[in-house]
Amino acid sequence: MNEPFKGALTRRDSPTGGRRAIDSTLDEDTAARDRPIVVLAEDDRAALDGLSQWLAGEGFAVLACATFGEARAQLATRRVAALLTDIRLAEFNGLHLVQLALTLHPRARLVVFSGHSDDVLQAEAQGVGALWLLKPLDLEALAQLLADLLPAPDESSGESTG
């Protein structure tokens, strides 16, 4: 079942002005059935592009969001399995997205990452059950972390555990 990623990363104009945003175009039925949806919130364009493409290549359905508002909208309208967010999203805080995800998607897995160590924010993130990672992200460790956190799409087909 090694199908290529069905979602395509596309560029579109952001409703907030001249900034360009990356958005994953997903067939909702296919994404929900075939692979868990990951909302990725990162305001650094190069990091967002690279991490989005890497996650897609690993087989995840990625909704890449360059702004807090885009991520909030995706969380409000999609059935997501995980949220990966930078702690700093321009004037907003990624922990606000974590709180929203906890409300809308109580089973979603939460990962907060930061370019600097901050014991207070780390404790706050971990206090609500989010994992805290420092940049630069170790992609192999992140892949293992996501593989452990998110169920395989065809996990139910297989041998009985009884």
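Here, residues in each chain are numbered from 1, in the same order as that chain's written sequence. Residues qualify for local features only when their pLDDT is at least 70, as the model is predicted, and side-chain atom pairs are given and counted only at 80 or more; totals for whole chains, interfaces and linings, by contrast, use all residues. Side-chain figures throughout are based on the complete set of non-hydrogen atoms in the structure, without hydrogens or water.

### Structural notes on the overall build of the protein chain
Scanning the protein chain from N- to C-terminus turns up 6 helices and 9 strands. Counting every atom, the protein chain has about 8900 Å² of accessible surface; 50% of that belongs to carbon and sulfur. Segments assigned H or I by DSSP are reported as helices when at least four residues long, segments assigned E as strands when at least two residues long, and all are numbered from the N terminus. For accessible areas, the Shrake-Rupley method is used with a probe of radius 1.4 Å. Any residue's cover is judged against the shown protein chains and nothing else.

### Digging into the sheet that holds strand S5 (residues 82–86)
When DSSP finds two or more bridges between a pair of strands, those strands are recorded as paired. The strand order S4-S3-S5-S8-S9 describes an open sheet built from 5 strands, whose pairing is parallel. Edge positions in the sheet fall to strand S4 (61–65) and strand S9 (131–134), since each of these pairs with one other strand and no more. On average, each strand axis in the sheet is tilted by 20° relative to the strand beside it, whichever way the strands run. Of the pairings in the sheet, the one linking S5 to strand S8 (residues 109–114) comprises 5 bridges and is parallel in character. Of the residues in S8, the one forming a bridge with Leu-83 is Leu-110. Lying over the sheet, helix H2 (residues 45–57) contacts strand S3 (37–41), S4, S5 and S8, oriented at roughly 170° with respect to S4. Lines fitted to C-alpha atoms define the axes here, with helix axes fitted over just the stretch in contact, and angles between the N-to-C directions of these axes take values from 0 to 180 degrees. Throughout, a residue-residue contact means that at least one pair of heavy atoms, one from each residue, lies within 4.5 Å.

### Re the nonpolar core
Residues Val-39, Leu-75, Leu-83, Leu-95, Leu-97 and Val-112 are the most contacted members of the largest nonpolar core, which totals 23 residues. When contributions to this core are tallied by element, the ones reaching two or more residues are S3, S4, helix H3 (68–77), helix H4 (94–104), S8 and helix H5 (119–127). Examining the composition of this core, we find that 4 residues originate from one element, H4, more than from any other. Once residues lying within four places of it in the same chain are set aside, the contact partners of Leu-95 are Ile-87, Val-112, Leu-121, Glu-124 and Ala-125. Residues enter a nonpolar core if they are buried and are Ala, Val, Leu, Ile, Met, Phe, Trp, Tyr or Cys, with the set joined through side-chain atoms within 4.5 Å. Classification of residues uses two cut-offs on accessible area relative to the type maximum, computed with a 1.4 Å probe and protein chains only: under 20% is buried, over 50% is exposed, and between them is partly exposed. One finds Leu-40, Leu-48, Trp-54 and Ala-82 within the second-largest nonpolar core, a separate group that totals 18 residues.

### Topic: the environment of Ala-101
As for its position among the elements, Ala-101 is in helix H4. C-alpha of Ala-101 to C-alpha of Leu-75: the two residues are 26 residues apart in sequence and 6.6 Å apart in space.

### Focus on H5
Nitrogen and oxygen atoms within 3.5 Å of one another constitute a polar contact, given that in protein one can donate a hydrogen and the other can accept it, and given that sequence-neighbouring residues count only through two side-chain atoms. Capping the start of H5, Asp-118 holds a side-chain oxygen 3.1 Å from the backbone nitrogen of Val-120, two or three residues further along. Backbone geometry just after H5 places Gly-129 at a positive phi near 95°.

### A short note on the side chain of Asp-86
Tracing the chain through its elements places Asp-86 in strand S5. For Asp-86, the contacting residues outside a window of four places in its chain are Ala-41, Glu-42, Asp-43, Gly-94, Phe-113, Ser-114 and Lys-135.

### A few points about the pattern of salt bridges
One speaks of a salt bridge when a side-chain nitrogen belonging to Lys or Arg is within 4 Å of a carboxyl oxygen belonging to Asp or Glu. Under the definition given, this model contains 2 salt bridges. Linking Lys-135 and Glu-42 is a salt bridge whose minimum nitrogen-to-oxygen distance equals 2.9 Å. Residue Lys-135 is found in the loop between S9 and helix H6 (139–149), and its partner Glu-42 is found in the loop between S3 and H2; the two are separated by 93 residues along the sequence. Given the relative accessible area of 3%, Glu-42 is considered buried. For Asp-86, the salt bridge identified is with Lys-135, shortest N-O distance 3.0 Å. Of this pair, Asp-86 sits in strand S5 while Lys-135 sits in the loop between S9 and H6, placing them 49 residues apart in sequence. Asp-86 gets classed as buried once you look at its relative accessible area, which sits at 6%. One network of salt bridges, with partners in common, ties together Glu-42, Asp-86 and Lys-135.

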